[in-house]
Amino acid sequence: MTRVTHAGLPQTSLLAAAGQPSTLQRSQSLPASGAGAAAQQARLTDRLASLQRSSHSGVQQELQHLLAQSWLYQRTQQQSSHGSDFAALRRQQLASIKGGEQIASQYGLHFAQEGMPPRTADIRQGSKIALRHPLDTDYVRTKPSTAQLDRCLALYHASGGQNDNNIIFVNSRHAAKQIVKQLCHDGKTPEQFTTTADYLNQHLKPLQPGLFALNLENGLAVEYGKRYCEHFGGAPSLYATSGVNSGPVASDRTVDNLQLLQRLKPQQADSVSTALRAIPADHAMSALAGTAAALIDSLVTTLEEKGLDQRHRHNPLLASGLQALHAVADSMPALSRNSAQFINAYNILMEEMQVCLSASRPYTLHDFHQAAASTGGHHLLPPALRQDSEVRLFSSGMAALSTGLNLCRKLAGSSKVDDLLKPSGEKIPSYYETNTVRDYPQQASLLSRAKHSLRAGLHLPGMSGGAFSATLHDSIPSQKGHRPDITVDTLVGAINSKLAAASRFSKPMVVMLDTTLEQRGEVDSLLHQLAKPLQQGKLRLILCKSLQKYANLGCGKAMGGTVALVSVNDQAAQRARQSLQLAERDVNWMAGNEAQLLTHLLKQHEHEFDLLDHAKQNLDFVARTCFHGLAGHARFDAHDPAMPYAVLLRDDQTKHTLHLTDQSGEVKVDIGMAAYINHNYVNPRAGFGYADTTISSAPLNDQNADRLFIGQESHAELTEAFYLASKMMQQPHCQWGWPQARQLIDALVNEGLRQHPMASNRPSTLAQKLNHIGRQELPASPSAQTGVLAQRQQQETNQRSGFTLNKITSVVNFLGNFTRKMGVPEDWQRGPDRQLLDELLPPLIQSGLPGVSNLGRTNIMALHTFLCRADMSSEDPARQQAGLKRLLDASNRLPGLPQQVDSLLAIPEQVFTEADKATQEHVINTLLLPADMPTRLSVIGNLLAWGKHQLAEHCLTAAEQSLDRGALKPETFSQTSAPGQIATLGQQERLDYLRQLAARRQP
């Protein structure tokens, strides 16, 4: 068992002292009947003692490493929550390296979510390390922020630009060409317009790689241009506007990246990638951990194979990224019990990966082509089809789709692109924005072509082989979940049906297929089944893919898309491939730093399907456990078992009345069905990183609906997120409050005991019943031969049953959030609901909450702290002290929760000063000392600002004393010397902190 001293240093007392004889020693004692026997006994005793010492040392080392891993994340998170913005600190560190300014300015772009609604900045966000950036990165392609536009304008003015009113910003000459051509087709061309190329030569101004200013004067409509820019994927990347090329990085002989890379190699005994792969296969974080391990190993291999490890041996920018990357990866196995923190660490790992790749730039466009060639079945094509069929890189999925549609029209000789049909006659859907772009034909109109054909004496039907578009999988499912919306067989059948009907046409049929959402092996199967018409020249396929969904391996906002033509290499195909090559050159996406990460991710594309498969399993679990439509539960209005998406219609008419009764009386609030989605568990979508579960608005059959994207979380967390929602969404108009919640909880406990009866017939407390049920539903205990971390991870796998305590947590946390948000603690000292909570919360906490997620525990603790604050605000001194002791007891029972140190701020000054000495010491030991020194300083500063001088004085004294005993270094992901080791402050560091503490004492 491990405990922490006042100084925060671990002490272990796992085994008996080696000097005491064990049962085994006594049983193996030999009779002292001779010198030989005595010597043998001595040798055996020495061997046994040595084995005990070795075992003790091994367990102690593992525990210390585990503690160090976890604490490194916790200290980074604590400092991030107390004014030290982690991403801002990393940007400062990187910018301090000469030549690192541009990479520094880009740190945090993949995951920053400045635009998140305030309601989500609650317990879930407070338990994570915030990744912020001055640029709002909500949805770059369609919603560029004001900050992004201001940055573009600043660069435009710096290059001599003056007229702002008629300027739109685009990412490439290719995008500008598409926009101008479409405006010409709309009849908005100025009289003096000659050709698109001529217009662009005069009105397109390059600002820096990936950023151009397009002047739409002389009759070209700016508003139309902005709309076309959105639909053609022309928006500049955030990377193009964040900083300018900083020049070469100066070498620093004090760093050695060969050593840093050596530490990351999987062959090392303590390799971080080996530890990540050791997470059990049925653990919630296993797919993400395997992906992280593969990306780390690939980074090391790539730098070595290209000789960049030697070339950048003394590159301080690369060293900074590698050090932080190692620290983050080293912490991840210890965070596996908390998916929010594990995913958060994975996000930071990706940012550090971006730093390493930007600093070394290992990939060229050829590397991208090689990585892309191994995806989507292209490598399996017959030689005649594989020739010159490179996968071309574009700026986004919409850039790829709009380019593919234009190519589809050209090859088919048609201005119209139709839908493919299922055998039932129903349309096979396309991505919804594709339908908009299909209405933007950039060819001459069909009428003008007809006139030309008639003048030439040709028949119109012979001019077209048919142009069609479809998608492998729709991102908005329409079925009830019993079968996939679309299958490969459905597509092949639809294509073959059209081929049979199009035999009278002289041109090959052309199908543009959106493969953004694909299952493992689907494109391979599709190409295999269509190989014959493709080889016969009757069919051409244009495969388009956005790399911003599962292909980005949870990376969030690394923009990119691909287009590939699968066709016999006739003259038309050669011209088409040449046009794609020229368009790719005009886009020049590899010039930006984010394309380095994009290529790196694509090299590990097989993990796309690992993440997808795990998310589908999670959706199946949610559908079976919560939204199954039986026994009073709602059912998903649509979900596709081939994809981890589900849709819930937004019923704006049905309302539930929430009743909360505090000492002031009853409060009634009407809430809609959407309120039951707990945003502590489910984030609004702010990008395309599908590591965690998100929600967004999406129409279903012209009705308002919410679309859930199920992520990698544990079954425990998913139950806590959706159990109550699935129960309440099925209910008609009803009243709901703590009495009804208590009835539901009692029913859940009774069902749990029916499934897992208690052995004793003696009366049991609610806490004992909850503990029994929770432990019975956990997986079987692993072998004692495995390590501490391995045993814990095995206990956290999804091989569980019942999830009774998680369902109870779902109920408690929903009402608890409303209780905290709709009132103040002072109103909850008495009342019928308070009585119910006093009967329910203490047993829940005393049970230890076995199997409940860290986030579920944190929410329960937040409600408990709210009620303790109510008691501490009472006029009754005895009740005040009881509230304080309940707060401390719960903190001891559920230790290590995020933001626990902030509970100090909830303690009134008078309540603390009137507490006995033992309780005051308990406050300091439990709430203050587990935090690192910068966090202690921040909390003490807040106590002083709030006038809590006595409490602040005790905290100051304890902090000073802890320095004398050797306090832990406040190491974080960005400031660590030896990941996995517990380090204490040096003499100078202790003096520095003593000075800061002394400064707090000044009036």
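Note that the coordinates shown come from a computational prediction; the quantities given were computed from them, not determined experimentally.

*Asks:* Hey, could you run me through the overall build of the protein in this one?
*Replies:* Helix and strand counts for the protein stand at 40 helices and 19 strands. Counting over 1003 residues, the protein shows a buried share of 58%. For the protein, the share of sequence-separated contacts (at least 6 apart) that also reach a separation of at least 24 residues comes to 77%. Of the roughly 40700 Å² that the protein leaves accessible, carbon and sulfur atoms contribute 50%.

*Asks:* Looking at this structure, how should I read the side chain of S469?
*Replies:* You can see S469 is positioned in strand β8 (residues 467-471). A distance of 3.2 Å separates the side chain of S469 from the side chain of S430, its partner in a polar contact. Once you skip the residues sitting within four places of it in the chain, S469 turns out to touch L405, V417, D418, D419, L420, S430, T434, R438 and M512.

*Asks:* Would you mind showing me how to read the nonpolar core here?
*Replies:* In terms of nonpolar packing, the biggest core is built from 125 residues, with V170, I179, L214, I296, M332, F342 and I542 touching the most fellow members. For this core, the element with the most residues is helix α16 (residues 339-360), which contributes 12 residues. With residues up to four places along the chain from it excluded, the contact list for V170 reads A175, A176, I179, L204, G210, L211, F212, C229, G234 and P236. Core analysis: the second largest hydrophobic core is formed by 93 residues, F636, L658, F722 and I808 among them.

*Asks:* Can you walk me through the pairing of strand β11 (residues 561-566) in this structure?
*Replies:* Taken residue by residue, a regular strand's side chains alternate between the two faces of the sheet. For β11, the tally of buried residues reaches six of six residues, placing the bulk of the element in the interior. Covered by surrounding structure in β11 are G561, V563 and L565 together with T562, A564 and V566, the residues of both alternating faces. Direction of pairing for strand β6 (residues 392-394) relative to β11: antiparallel, over a ladder of three bridges. When the bridges of β11 are listed, R392 appears paired with V563. Sheet topology places strand β10 (residues 539-546) next to β11; six bridges connect them, and they run antiparallel. Bridge pairing links L543 to A564 in β11.

*Asks:* Please explain the pattern of salt bridges as it appears in this structure.
*Replies:* Side chains that carry opposite charge are capable of pairing whenever their charged atoms lie near each other. In the structure shown here, the tally under the stated rule is 27 salt bridges. For R624, the salt bridge goes to D620, with nearest N and O atoms at 2.8 Å. One end of the pair is R624 and the other is D620, both in helix α27 (residues 606-625) and four residues apart, which spans about a single turn. For R624, a relative accessible area of 52% gives the class exposed. R754 serves as the salt-bridge partner of E751, at 2.8 Å between the closest nitrogen and oxygen.

*Asks:* Whenever I open this one, the packing of helix α32 (residues 804-822) against helix α34 (residues 854-872) confuses me. Can you help?
*Replies:* When two helices pack together, you describe them by how their axes are tilted relative to each other and by the distance separating the axes. Relative to each other, α32 and α34 sit at 40 degrees, their axes nearing to 9 Å. In terms of axis orientation, α32 runs oblique to α34. You can see that α32 and α34 cross each other, and the crossing is left-handed. Every residue of α34 that contacts α32 at T809, V812, N813, G816, N817, T819 and R820 is listed here: G856, N859, I860, A862, L863 and F866.

*Asks:* It is not clear to me how the state of the cysteines should be interpreted in this structure. Could you clarify?
*Replies:* A covalent bond between the sulfur atoms of two cysteines is referred to as a disulfide. Summed over the entire model, instances satisfying the criterion amount to zero disulfides. There is no disulfide at C229, and the cysteine sulfur nearest it, in C152, is 10.0 Å away. Classification of C229 by relative accessible area gives buried; the value is 6%.

*Asks:* How should I be thinking about the sheet that holds strand β5 (residues 211-215) in this particular structure?
*Replies:* Strand pairing in a sheet is mediated by backbone hydrogen bonds. Such pairs are either parallel or antiparallel. Judged by pairing direction, the sheet is antiparallel, and its three strands sit side by side in the order β3-β5-β4 without closing on themselves. Where the open sheet ends on each side, the last strands, each with one partner, are β3 (167-170) and β4 (204-208). Taking each pair of neighbouring strands and ignoring which way they run, the sheet shows an average axis angle of 25 degrees. Pairing geometry for β3 and β5, over four bridges, is antiparallel. Bridge pairing links I167 to N215 in β5.

*Asks:* Please clarify how the sheet that holds strand β9 (residues 509-514) should be interpreted in this entry.
*Replies:* Pairing is mixed across the open sheet formed by six strands, whose spatial order is β6-β11-β10-β9-β8-β7. Each edge of the open sheet is held by one strand with a lone partner, namely β6 and β7 (418-419). Sitting on the sheet, helix α22 (residues 488-501) is in contact with β8, β9 and β10, with an inclination near 160 degrees to β9. Helix α25 (residues 571-587) rests against β6, β10 and β11 of the sheet, and its axis sits at about 40 degrees to β6.

*Asks:* Sorry if this is basic, but what is going on with α25 here?
*Replies:* Residue pairs three or four apart in sequence face the same way in an α-helix, which turns once every 3.6 residues. A rise of 1.5 Å per residue sets the reference length of α25, with its 17 residues, at 24 Å; its end C-alpha atoms lie 24 Å apart and thus fit the reference within 8%. Regarding α25, the residues found buried are A573, A576, R577, L580, A583, E584, D586 and V587. Looking one or two places after α25, you find N588, whose phi comes out positive at around 55 degrees.

*Asks:* What exactly am I supposed to notice about the packing of aromatic side chains here?
*Replies:* Geometry of an aromatic ring pair is reported as the spacing of the ring centres plus the angle between the planes. By the definition in use, this model includes 10 aromatic pairs. Ring centres of F86 and Y107 lie 6.4 Å apart, and the angle between their planes is 70 degrees; on these two criteria the pair is classed as edge-to-face. Taken together, the residues F86 in helix α3 (residues 86-95) and Y107 in the loop between α4 (101-106) and α5 (123-126) connect sequence positions 21 residues apart. Among the residues examined, F86 registers a relative accessible area of 2% and is labelled buried. Classification of Y107 by relative accessible area gives buried; the value is 1%. An aromatic cluster is defined as three or more aromatic residues linked by ring pairs; in this entry it consists of Y224, Y228 and F232.

*Asks:* Honestly, the environment of K603 in this entry has me stumped. Any pointers?
*Replies:* Structurally, K603 is set in helix α26 (residues 594-603). Separated by 233 residues in sequence, K603 and Q370 have C-alpha atoms that sit 8.6 Å apart. Beyond its immediate chain neighbours, meaning those up to four positions away, K603 contacts S298, T302, Y363 and A371.

*Asks:* How should the confidence of the model for the protein be read in this particular structure?
*Replies:* Note that predicted coordinates carrying low pLDDT should not be read in detail. Taken as a whole, the protein shows an average pLDDT of 81; of its residues, 77% reach a score of 70 or greater. Between residues 1-33, whose pLDDT stays under 50, and residues either more than four places distant or in other chains, the model counts 60 contacts. Ignoring residues within four places in sequence, the model shows residues 442-463, a span with pLDDT below 50, making 23 contacts including any to other chains.

*Asks:* Would you mind going over helix α37 (residues 917-928) with me for this structure?
*Replies:* Here α37 spans 16 Å end to end across 12 residues, near enough to the 16 Å set by a 1.5 Å rise per residue. Residues T919, Q920, V923, I924, T926, L927 and L928 constitute the buried set of α37. The backbone nitrogen of A918 lies 3.2 Å from a side-chain oxygen of the residue at the head of α37, namely D916.

*Asks:* Teacher, can you tell me more about unusual backbone geometry here?
*Replies:* Backbone geometry follows two general trends: most residues other than glycine have a negative phi, and most peptide bonds adopt the trans configuration. For L553, which is not a glycine, the phi torsion comes out positive at approximately 55 degrees. Following the sequence through the fold, L553 ends up in the loop between β10 and β11. For A631, which is not a glycine, the phi torsion comes out positive at approximately 50 degrees. Owing to a relative accessible area of 69%, A631 belongs among the exposed residues under this scheme.

*Asks:* How do you make sense of the packing of helix α11 (residues 257-264) against helix α15 (residues 316-331) when you look at a structure like this?
*Replies:* Interaxial distance between α11 and α15 falls to 10 Å at its minimum, and their mutual angle equals 25 degrees. Classed by the angle they form, the pair α11 and α15 counts as roughly parallel. Along this stretch, α11 crosses α15, giving a crossing that reads as left-handed. For the pair formed by α11 and α15, the contact residues are N257, L260, L261, R263 and L264 on the first element and L318, A319, L322, Q323, L325 and H326 on the second. Taken together, the residues of the contact of α11 with α15 sort by class into seven nonpolar, three polar and one charged.

The rules behind each value
Residues numbered from 1 in each chain as written. Predicted model: local features only at pLDDT ≥ 70, side-chain atom pairs only at ≥ 80, totals over all residues. Heavy atoms only, no water. Helix = DSSP H or I, 4+ residues; strand = E, 2+ residues; numbered from the N terminus. Buried < 20%, exposed > 50% of the residue type's maximum accessible area, 1.4 Å probe, protein only. Contact = heavy atoms within 4.5 Å. Areas by Shrake-Rupley, 256 points an atom, 1.4 Å probe, with all protein chains shown as cover. Polar contact = N/O pair within 3.5 Å; in protein donor to acceptor, adjacent residues only side chain to side chain. Core = buried A, V, L, I, M, F, W, Y, C linked by side-chain atoms within 4.5 Å. Pairing = 2+ DSSP bridges. Salt bridge = Lys/Arg side-chain N within 4 Å of Asp/Glu carboxyl O. Axes fitted to C-alpha atoms, helices over the stretch in contact; angles between N-to-C directions. Parallel < 35°, antiparallel > 145°, perpendicular 65-115°, else oblique. Left-handed = near helix turned anticlockwise from the far one by under 90°. Disulfide = S-S within 2.5 Å. Expected span 1.5 Å × (residues − 1). Phe/Tyr/Trp six-rings, centres within 6.5 Å; stacked < 30°, edge-to-face > 60°. pLDDT = per-residue confidence, 0-100. Nonpolar A, V, L, I, M, F, W, Y, C, P; charged D, E, K, R; others polar.

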